[in-house]
Amino acid sequence: MDLTERLVEHDNWSTAQLIDLAKGVPADALDEPVQLNPASTAWFEEQPSIRSMLDRLVFTKEMWSAAIAGTPGPPDERDTSLNGLDRRLEQAGNQFVELVRGIRERQAWDTAFLDATCEPPESFTFGGAVAHALTRDSYRRQVLIGALNERGVSTPGLADPMHFGEN
């Protein structure tokens, strides 16, 4: 496993773990606004809920998979139930891994593509898009871990890829 693959796989794995951990949070707490300090533009809302944070992590994989593959963007209506998030992550996470693997195998990191999911369409490099998705998701997972910890959910080592993939 190379570094890129390790980071993408860890992103999917840790997101799946966070969805699983959220299943232990009372339903009303999943939808409570989370106070962000400092404020952040990493979410759809100024005060996202745990559910909407999880949705954003999955949506990122759906959106960047569509952009890189040149297919229509993710649907506007998304299943944000925890089981729905699991299903969406399984599909989008696997697709993202395969797309990134293909980019790596072709050594196409600096190849530009037109992201038609943007309005208006924008040009990015594959490497820039992958780096953006991974670093932004890493930050988002850290914030979500903090929100879960504040609600009594233990997440030791979940955000750190140091030991990911070891047997």
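Details of the structure are given in the entry above.
Conventions and cut-offs
- Residues numbered from 1 in each chain as written.
- Predicted model: local features only at pLDDT ≥ 70, side-chain atom pairs only at ≥ 80, totals over all residues.
- Heavy atoms only, no water.
- Core = buried A, V, L, I, M, F, W, Y, C linked by side-chain atoms within 4.5 Å.
- Buried < 20%, exposed > 50% of the residue type's maximum accessible area, 1.4 Å probe, protein only.
- Helix = DSSP H or I, 4+ residues; strand = E, 2+ residues; numbered from the N terminus.
- Contact = heavy atoms within 4.5 Å.
- 1 Å grid on protein atoms, 1.4 Å probe; cavity = no way out; pocket = protein on both sides within 12 Å on 5 of 7 lines; lining within 4 Å.
- Points joined across faces, edges and corners; volume = space filled by probe spheres on them.
- Nonpolar A, V, L, I, M, F, W, Y, C, P; charged D, E, K, R; others polar.
- Axes fitted to C-alpha atoms, helices over the stretch in contact; angles between N-to-C directions.
- Parallel < 35°, antiparallel > 145°, perpendicular 65-115°, else oblique.

Chemist: I'd like a description of the nonpolar core, backed by residues and values.
Modeler: When a protein is soluble and globular, its nonpolar side chains tend to lie buried together. Of all hydrophobic cores here, the largest spans 26 residues; its most connected members are L18, I50, M53, L54 and L144. Of all the elements in the fold, those that place two or more residues in this core are α1 (3-22), α2 (27-30), α3 (50-69), α4 (82-106) and α5 (126-150). Contact partners of L54, with chain neighbours within four places excluded, come to L18, I19, A22, L82, L85 and L144. Among the nonpolar cores identified, the runner-up in size contains 18 residues, and V8, V97, A108 and L134 belong to it.

Chemist: Can you tell me about empty space enclosed by the protein, naming the residues and giving the values?
Modeler: Applying the stated criterion across every chain yields a total of one cavity of 30 Å³ or more. The calculated volume of the largest cavity comes to roughly 50 Å³. In terms of lining residues, the largest cavity is bounded by D2, T4, E5, V8, E9, V97, V100, R101 and R104. Contributions of two or more residues to the lining of the largest cavity are made by α1 and α4. Across the lining of the largest cavity, the residue classes tally to three nonpolar, one polar and five charged.

Chemist: Could you give me a rundown of the packing of α3 against α5, with the residues and numbers involved?
Modeler: Packing of α3 against α5 leaves a shortest axis separation of 10 Å and a crossing angle of 170°. Accordingly, the angle class assigned to the pair α3 and α5 is roughly antiparallel. For the pair α3 and α5, the contacting residues are I50, M53, L54, R56, L57, T60, K61, W64 and I68 in the first and F126, A129, V130, H132, A133, D137, R140, R141, V143, L144, A147 and L148 in the second. Looking at the contact of α3 with α5 residue by residue, the class counts come to 14 nonpolar, two polar and five charged.

Chemist: Please give an account of the environment of E98 that cites residues and values.
Modeler: Looking at the secondary structure, you find E98 in helix α4. Taking the C-alpha atoms as reference points, E98 and S65, 33 residues apart in sequence, are found 9.4 Å from one another.

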